[in-house]
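Secondary and tertiary structure notes
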Amino acid sequence: MAVREILTVPNPILKEVSKPVDKVDEELRSLMDDMLDSMYAADGIGLAAIQVGVPKRVIVMDLDWGRGERNPRYFVNPVLSDPSDNKLPYEEGCLSVPTYYDEVERPDRVRIDYLDYDGKPKTEIAEGMFAVCIQHEMDHLEGVLFIDHLSRLKRQRAVQKVKKLARLRDQDDAA
Ligand code: GNR
Ligand code: NI
């Protein structure tokens, strides 16, 4: 297992549409293990493969992280359907847009069909924060970030903030 670097905006790779996985094998499980390590190391609750530069339809998640418990979940080739009409406003953040948070509204319930860590087909109904998180991650598979749901002004502000942060970090690294 290894911690990989998480890409941040405005890296164009984050806009790529990820490709379906054709086989859940040891190599893919190794990627999922690395993604989980990287997510935990960055204090996140979800991560899409494209965030570590791999354009595959793979998501890892742990909604209990931070509560001292580990309940990792893995979603390969996830498909969302049956979104509820009810919308849930939620203050979102993204490891690819560090230090910027803003409210996004999404359906508060959605059905997920996917393959698990062993390649077994599964169906689940996600509600509340789980629903928010899986929709946020699904967006990543389509090259969409949560800031793409905001006004252009807010989106530009978010990208500028992350760019400035990266500049400061690079200066520190050089010193
Ligand atoms: O760690 C994360 N927290 C979070 C909070 C609210 C809504 C979505 C998220 S996902 C984010 C990690 C991430 O960037 N996943 O792609
Ligand atoms: Ni994200």
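For the structure given in this document, a descriptive report is provided here. (Residues numbered from 1 in each chain as written. Chains lettered and ligands numbered in written order. Predicted model: local features only at pLDDT ≥ 70, side-chain atom pairs only at ≥ 80, totals over all residues. Heavy atoms only, no water.)

Before going further, it helps to examine the coordination of the nickel ion (ligand 2). Around a metal, the ideal angle is 109.5 degrees if four donors adopt a tetrahedral arrangement and 90 or 180 degrees if six donors adopt an octahedral arrangement. Around the nickel ion (ligand 2), the donor atoms from the protein are Cys94 (SG), His136 (NE2) and His140 (NE2), and they sit 2.1 to 2.3 Å away. On the primary sequence, the residues serving as donors to the nickel ion (ligand 2) are separated as C-x41-H-x3-H. With His136 and His140 both in helix 2 (residues 128-141) and 4 residues apart, the pair spans about one turn of that helix. For the pair His136 and His140, one class covers both residues: buried. (Donors = N, O, S within 2.8 Å, 3.2 Å for Na, K, Ca; no water. Helix = DSSP H or I, 4+ residues; strand = E, 2+ residues; numbered from the N terminus. Buried < 20%, exposed > 50% of the residue type's maximum accessible area, 1.4 Å probe, protein only.)

Taken together, 13 residues sit near ligand 1, with Ile45, Gln51, Leu95, Glu137 and His140 positioned nearest. Within the backbone of Leu95, an N or O atom sits 2.8 Å from an oxygen atom of ligand 1. Between His140 and ligand 1, the recorded distance is 2.8 Å, taken from a side-chain N or O atom to an oxygen atom. In this structure the site holding ligand 1 corresponds to the largest pocket. Counting residues per element, the ones that place at least two in the shell around ligand 1 are strand 4 (87-92) and helix 2. Looking at the shell around ligand 1, its residues break down into 4 nonpolar, 6 polar and 3 charged. (Near = heavy atom within 4 Å. Polar contact = N/O pair within 3.5 Å; in protein donor to acceptor, adjacent residues only side chain to side chain. 1 Å grid on protein atoms, 1.4 Å probe; cavity = no way out; pocket = protein on both sides within 12 Å on 5 of 7 lines; lining within 4 Å. Sits in = over half its atoms within 2 Å of the grid points. Nonpolar A, V, L, I, M, F, W, Y, C, P; charged D, E, K, R; others polar.)

What follows covers the layout of surface pockets. For the largest pocket, the calculated volume is near 380 Å³. Going through the elements one at a time, strand 4 and helix 2 are the ones with two or more residues in the lining of the largest pocket. Broken down by element, the residue count for the lining of the largest pocket peaks at 6 residues, all from helix 2. The class makeup of the residues in the lining of the largest pocket is 11 nonpolar, 7 polar and 4 charged. Counted as a void, the second largest pocket has a volume near 200 Å³. Forming the walls of the second largest pocket are Glu5, Ile6, Leu7, Thr8, Asn11, Pro98, Val162, Leu165, Ala166 and Arg169. Classifying every residue of the lining of the second largest pocket gives 6 nonpolar, 2 polar and 2 charged. (Points joined across faces, edges and corners; volume = space filled by probe spheres on them.)

This part covers the sheet that holds strand 3 (residues 73-81). Taking strand neighbours across the sheet as the criterion, the 5 strands line up as 1-2-3-6-7 in an open arrangement whose pairing is antiparallel. Two strands bound the open sheet, and with one partner strand each, they are strand 1 (46-48) and strand 7 (121-127). Taken over all neighbouring pairs, the strand axes of this sheet differ in orientation by 40° on average, direction set aside. As paired strands, strand 3 and strand 6 (residues 109-115) are joined by 4 bridges and run antiparallel to one another. Its bridge partner lying in strand 6, Leu80 is registered against Ile112. (Pairing = 2+ DSSP bridges. Axes fitted to C-alpha atoms, helices over the stretch in contact; angles between N-to-C directions.)

Going through the model one piece at a time under the given rule, you end up with 4 aromatic pairs. For the pair Phe75 and Phe130, a centre-to-centre distance of 6.1 Å together with 45° between the ring planes defines the contact as tilted. With a gap of 55 residues between them, Phe75 in strand 3 and Phe130 in helix 2 connect regions that are remote in the sequence. Aromatic ring contacts, followed pair by pair, group Phe75, Tyr114 and Phe130 into a single cluster. (Phe/Tyr/Trp six-rings, centres within 6.5 Å; stacked < 30°, edge-to-face > 60°.)

Another aspect to go through is helix 1 (residues 26-41). With 16 residues, helix 1 should reach 22 Å at 1.5 Å per residue; the first-to-last C-alpha distance of 22 Å fits that figure. Within helix 1 the residues assigned to the buried category are Leu28, Arg29, Leu31, Met32, Asp33, Asp34, Met35, Leu36, Asp37, Ser38, Met39 and Tyr40. Structurally, helix 1 contributes buried residues whose contacts are with strand 1, strand 2 (58-61) and strand 3. Note on helix 1: the residue one or two positions beyond its end, Asp43, has a positive phi of about 60°. (Expected span 1.5 Å × (residues − 1). Contact = heavy atoms within 4.5 Å.)

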